[in-house]
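Descriptive structure summary
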Amino acid sequence: MRSAFPLRDALLALALATLGALGCGPWGIVPGGPLLGSARPLPADASFTEEHALVAIETRSGWLRHSVTVLCMAAEGRLYVMARHAPGKRWVQNMVADPRVRLEIGGELYDGRAVRVDLDPAEADRVADAFLRKYVGVAVERARWLPGPPAEGDTRAELWAFRIDPPGDAS
Amino acid sequence: MRRLVSGVVVLALVAGGAFAWIRLFAQGPVGPLPGGHLRGEVAAPPPSWDFASRQPYLLVESEAWTLPYSVSVWFQVHEGRLTILLPSFFGDGLKRRLDDDPRLRVAMDGKVYERTAVEVTDPETVGAMLAPVIRRQFAIEIEGEARPVGKMAELWAYRLDDPS
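**Examining the interface of chain B and chain A**
- Counting residues at the interface gives 34 residues for chain B, matched by 39 residues for chain A.
- Taken together, the two surfaces of chain B and chain A that pack against each other cover about 3200 Å², and 64% of this comes from carbon and sulfur.
- The tally of links from chain B across to chain A stands at three salt bridges.
- A salt bridge links Arg142 of chain A to Glu143 of chain B; the shortest N-O distance between them is 3.7 Å.
- Counting the contacts that link chain B with chain A gives ten residue pairs in polar contact (both at pLDDT 80 or more).
- Contributing elements (two or more residues each) for the side of chain B that touches chain A: helix H1 (2-25), helix H3 (123-138) and strand S7 (140-148) of chain B.
- Take the side of chain B that touches chain A: its biggest share by element is nine residues, from S7 of chain B.
- Its residues placed into classes, the side of chain B that touches chain A shows 19 nonpolar, five polar and ten charged.
- Pairing of strand S7 (residues 138-145) of chain A with S7 of chain B, which is carried by seven bridges, proceeds in the antiparallel orientation. Note on S7 of chain B: the bridge partner recorded for Arg144 of chain A is Glu141 of chain B.

**Focus: a nonpolar patch on the surface**
- A cluster of nonpolar side chains, contributed by Met1, Val5, Val9 and Leu13 of chain B, occupies part of the molecular surface with about 450 Å² of accessible area.
- Following the sequence through the fold, Val5 of chain B ends up in helix H1.

Cut-offs and rules
- Residues numbered from 1 in each chain as written.
- Chains lettered and ligands numbered in written order.
- Predicted model: local features only at pLDDT ≥ 70, side-chain atom pairs only at ≥ 80, totals over all residues.
- Heavy atoms only, no water.
- Contact = heavy atoms within 4.5 Å.
- Buried area = accessible area lost by both parts, 1.4 Å probe.
- Salt bridge = Lys/Arg side-chain N within 4 Å of Asp/Glu carboxyl O.
- Polar contact = N/O pair within 3.5 Å; in protein donor to acceptor, adjacent residues only side chain to side chain.
- Helix = DSSP H or I, 4+ residues; strand = E, 2+ residues; numbered from the N terminus.
- Nonpolar A, V, L, I, M, F, W, Y, C, P; charged D, E, K, R; others polar.
- Pairing = 2+ DSSP bridges.
- Patch = residues over 30% accessible without salt bridge, like charges linked within 9 Å, V, L, I, M, F, W, Y side chains within 5 Å.
- Areas by Shrake-Rupley, 256 points an atom, 1.4 Å probe, with all protein chains shown as cover.

Okay, structure coming up:
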């Protein structure tokens, strides 16, 4: 029997799909909720993440969990994530307020702790170099991270970077 | 259950119709989907492309294959010439089309310019083309040559010349 209200049925299906999406991780560019499952601490050597183009990161805002898909790169064995137009991003603000994060990398879950590093020139430059190699596919003679917000009239993005440490690592 | 199935069918039809409309009629990409034919008055190339630098991306349409295919790409005016940069991370759809047919249409300020893409591989030139784009998009200043190290990603660079 055909429904007399196909639009209502479609909205019902959409609502169910949305509820389902909120109950699990992000779906492409669409943010999601908690990354459900058993997680282990992020290893001290995170070089294995170089095999993965995209990872999911779950951040905390009170009892709510908010997860998004992000770029990640490894430099000297440490894992980094970065955000363009960072001040306006919810997941970034969540990490600033509460550094506990959960990552989904290649189907495995890892717990970690986010530390902002873009204001440290040496570490930020290493992240910039790793980003160019991994996502642009080039090595350059020198890569320098431009910290902080752009000056008035400068059209560049504002970029923040976070190192993801193992959860108990306070270094 | 039957109502849910009919709802899913309606959603799929709406999504399929939206996809077809975007691929055929949208002026440029919508989210991750490439768009259709670029409309506008076909104009002679301007004496200088510097005015293009006002915009963050360049809207281009490949003339290869049957379906129109328009996307927004990284670009730079380098030594007075329009150039585009295609990181493989954003997909290789345009690169594969340019391999088959280098003709491109560029939309800017309501006008359409016909161009021919010529691949650039010299690391020094690619570095100079890439530097302003990476600064604008990612707040990273780079210097010197840009040498390919692609394991996961590649970068394809093109100069857009007058049609031959």
